[in-house]
Amino acid sequence: MSAEILAFLVLATATVAGGVVTLWSRYVVHSAFGLMLSLLGVAGFYVLLGSDFLAVTQVVVYVGGVVVLYLFGVMLTPPDREERSIRRIAVAGIFAVAALVVLLKAVFGMEGRWYGVDPDRGPASGGAVIREVGNAFMDKEAYLLPFEIASVLLLVALVGAVFIARREGGRGS
Amino acid sequence: MSFDYLTIAVALVGGILFVYANMWILSLVRPNKPSDLKLSTYECGEEAFSSSWLRFDMRFYTVALIFVVFDLEIAFLFPWAVVYRSLGILAFVEGLIFVGILFLGLFYVWAKGDLDWVKAFAKGRIPEVLDGPPSREVRKGVFESGLSGGPERNGGGEEAGTS
């Protein structure tokens, strides 16, 4: 068993375990920490696939930012001790089954190795990916305009989110 | 694929093991006398009178939102910074536009007072506090600002202190 398969199995276990904790825990805070574990595992998958930029972004944005946002959101929410209603489970179940079907289809339609990246097919690692991304961002023919529009999108998200948060906060303004 | 990430994996596993190994070694030598009192919530020596599941102030959430947006900005600027030197003036101008647009957002939240932790102060209500005894409204505003656990908590603390 090569080191890559071992790493894949460890990461897969961590990701799935984090997901199970997220879903089954009765405490929302535990769910948030489970989600953190799961997202870290996904970052590990990106490393295995040779995309270190994506892995770092995953850790910086999702693990470091979004989960912290969730934690604050959780602290704002009074604990929900109610039993889950049948209707809620049914709706969630439909979405879960649909996602599972799509995922299984993708897994079984996949060519090449199921863990990690084929040496002759994947991107070269060692900082090459991020340089490629940077060059694509700065290329007029490629993603220069989307790069700038992304900043407008972020601006809209910031203003909108802060506006909604301020109104929901009620007092003060 | 070169496995430079082995270093990270070793550091990760080592860090986790360090914590649990220490706890295990300590469990061998420490005395073990569990009691109900030791498991109760510690609240500055007072007896806990409410659940610790209290709602936090909205301001934490607003700050976290702002943080996530600028976190994403960094994620976008990182590849830009890597190729910056090789592209010269174009990269400089484009980066300036990108940061400039987001600076508008920072300016917006700053001007609207979302970055002020205690909004009541930013709105010019502080002179009331300085001139005389604070009005009920101002005190309420300060207590609810999230500096302390909320008005109930403070009130409870005072009562317990005077009795």
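Heads up: the structure comes first, above all this text.
Below is a summary of the structure that appears in this document.

## Examining the packing of aromatic side chains
In the structure shown here, the tally under the stated rule is seven aromatic pairs over all chains. Seen from their ring centres, A:Phe8 and A:Phe45 are 5.4 Å apart, and the 45° between their planes marks the pair as tilted. One end of the pair, A:Phe8, is in helix α1 (residues 3-24); the other, A:Phe45, is in helix α2 (residues 28-48), and 37 residues separate them in sequence. A:Phe8 sits in the buried class, given a relative accessible area of 19%. A connected cluster of aromatic rings, assembled from ring pairs, spans A:Phe137, A:Phe147, B:Phe76 and B:Phe98.

## Re the nonpolar core
It is characteristic of soluble globular proteins that their nonpolar side chains tend to be buried jointly. By size, the foremost hydrophobic cluster in this structure holds 16 residues, and its most contacted members are A:Met138, A:Phe147, A:Leu158 and B:Trp80. Secondary structure elements with two or more residues in this core: α6 (144-169) of chain A together with α3 (58-87) and α4 (89-111) of chain B. Setting aside residues no more than four positions away along its own chain, B:Trp80 makes contact with A:Gly134, A:Met138, A:Phe147, B:Ala91 and B:Gly95. Among the nonpolar cores identified, the runner-up in size contains ten residues, and A:Leu76, B:Leu65, B:Val68 and B:Ala75 belong to it.

## A word on α2(A)
All names here are of chain A. The terminal C-alpha atoms of α2, which comprises 21 residues, lie 30 Å apart, in line with the 30 Å expected from a rise of 1.5 Å per residue. Considering only its buried residues, α2 is in contact with α1 and α3 (52-76). The first or second residue beyond α2 is Gly50, which carries a positive phi of 85°.

## Here's the deal with the side chain of B:Thr62
Within the secondary structure, B:Thr62 is located in helix α3. The contacts of B:Thr62, once residues within four sequence positions are left out, are A:Val162, A:Ala165 and B:Asp114.

## Some words on the packing of α2(A) against α3(A)
All names here are of chain A. Their axes nearest at 9 Å, the elements α2 and α3 cross at an angle of 175°. Taken together, the axes of α2 and α3 are roughly antiparallel relative to one another. Across the interface between the two elements, Val28, Val29, Ala32, Phe33, Leu35, Met36, Leu39, Leu40, Val42, Ala43, Tyr46 and Val47 from α2 touch Leu54, Ala55, Gln58, Val59, Tyr62, Val63, Val67, Tyr70, Leu71 and Val74 from α3.

## Observations regarding the interface of chain B and chain A
Accessible area lost upon the coming together of the parts serves often as the stated size of an interface. Between chain B and chain A, the contact holds 48 residues from the first and 52 residues from the second. Carbon and sulfur atoms supply 76% of the area that chain B and chain A bury against each other, a total of about 4,700 Å² over both sides. At the boundary of chain B with chain A, the tally comes to zero salt bridges. At the boundary of chain B with chain A, the tally comes to one residue pair in polar contact (both at pLDDT 80 or more). For the side of chain B that touches chain A, the elements supplying multiple residues, two or more each, are α3 and α4 of chain B. With 22 residues, the top contributor of residues to the side of chain B that touches chain A is α3(B). Here the residues of the side of chain B that touches chain A sort into 35 nonpolar, three polar and ten charged.

## Here's the deal with α1(A)
Residues and elements named next belong to chain A. For α1, with 22 residues, the first-to-last C-alpha span of 31 Å sits near the 32 Å given by 1.5 Å per residue. Glu4, Ile5, Ala7, Phe8, Leu11, Thr15 and Gly18 are the residues of α1 that are buried. For α1, the buried positions fall inside an angular range of 160° around the axis, keeping them on one side. Residues Val10, Thr13, Val16 and Trp24 are exposed on α1 and point more than 90 degrees away from its buried face. Along its buried surface, α1 packs onto α2.

## A closer look at the packing of α1(A) against α2(A)
Residues and elements named next belong to chain A. It is at 7 Å that the axes of α1 and α2 come closest, and there the two elements cross at 155°. Comparing the axis directions of α1 and α2 gives the class roughly antiparallel. Handedness of the crossing formed by α1 with α2: left-handed. Every residue of α2 that contacts α1 at Glu4, Ala7, Phe8, Leu11, Ala12, Ala14, Thr15, Gly18, Gly19, Val21 and Thr22 is listed here: His30, Ser31, Gly34, Leu35, Leu37, Ser38, Gly41, Val42, Gly44, Phe45 and Leu48. Residues that form the contact of α1 with α2 fall into these classes: eleven nonpolar, ten polar and one charged.

Rules used throughout
- Residues numbered from 1 in each chain as written.
- Chains lettered and ligands numbered in written order.
- Predicted model: local features only at pLDDT ≥ 70, side-chain atom pairs only at ≥ 80, totals over all residues.
- Heavy atoms only, no water.
- Phe/Tyr/Trp six-rings, centres within 6.5 Å; stacked < 30°, edge-to-face > 60°.
- Helix = DSSP H or I, 4+ residues; strand = E, 2+ residues; numbered from the N terminus.
- Buried < 20%, exposed > 50% of the residue type's maximum accessible area, 1.4 Å probe, protein only.
- Core = buried A, V, L, I, M, F, W, Y, C linked by side-chain atoms within 4.5 Å.
- Contact = heavy atoms within 4.5 Å.
- Expected span 1.5 Å × (residues − 1).
- Axes fitted to C-alpha atoms, helices over the stretch in contact; angles between N-to-C directions.
- Parallel < 35°, antiparallel > 145°, perpendicular 65-115°, else oblique.
- Buried area = accessible area lost by both parts, 1.4 Å probe.
- Salt bridge = Lys/Arg side-chain N within 4 Å of Asp/Glu carboxyl O.
- Polar contact = N/O pair within 3.5 Å; in protein donor to acceptor, adjacent residues only side chain to side chain.
- Nonpolar A, V, L, I, M, F, W, Y, C, P; charged D, E, K, R; others polar.
- Arc of directions from axis to C-beta.
- Left-handed = near helix turned anticlockwise from the far one by under 90°.

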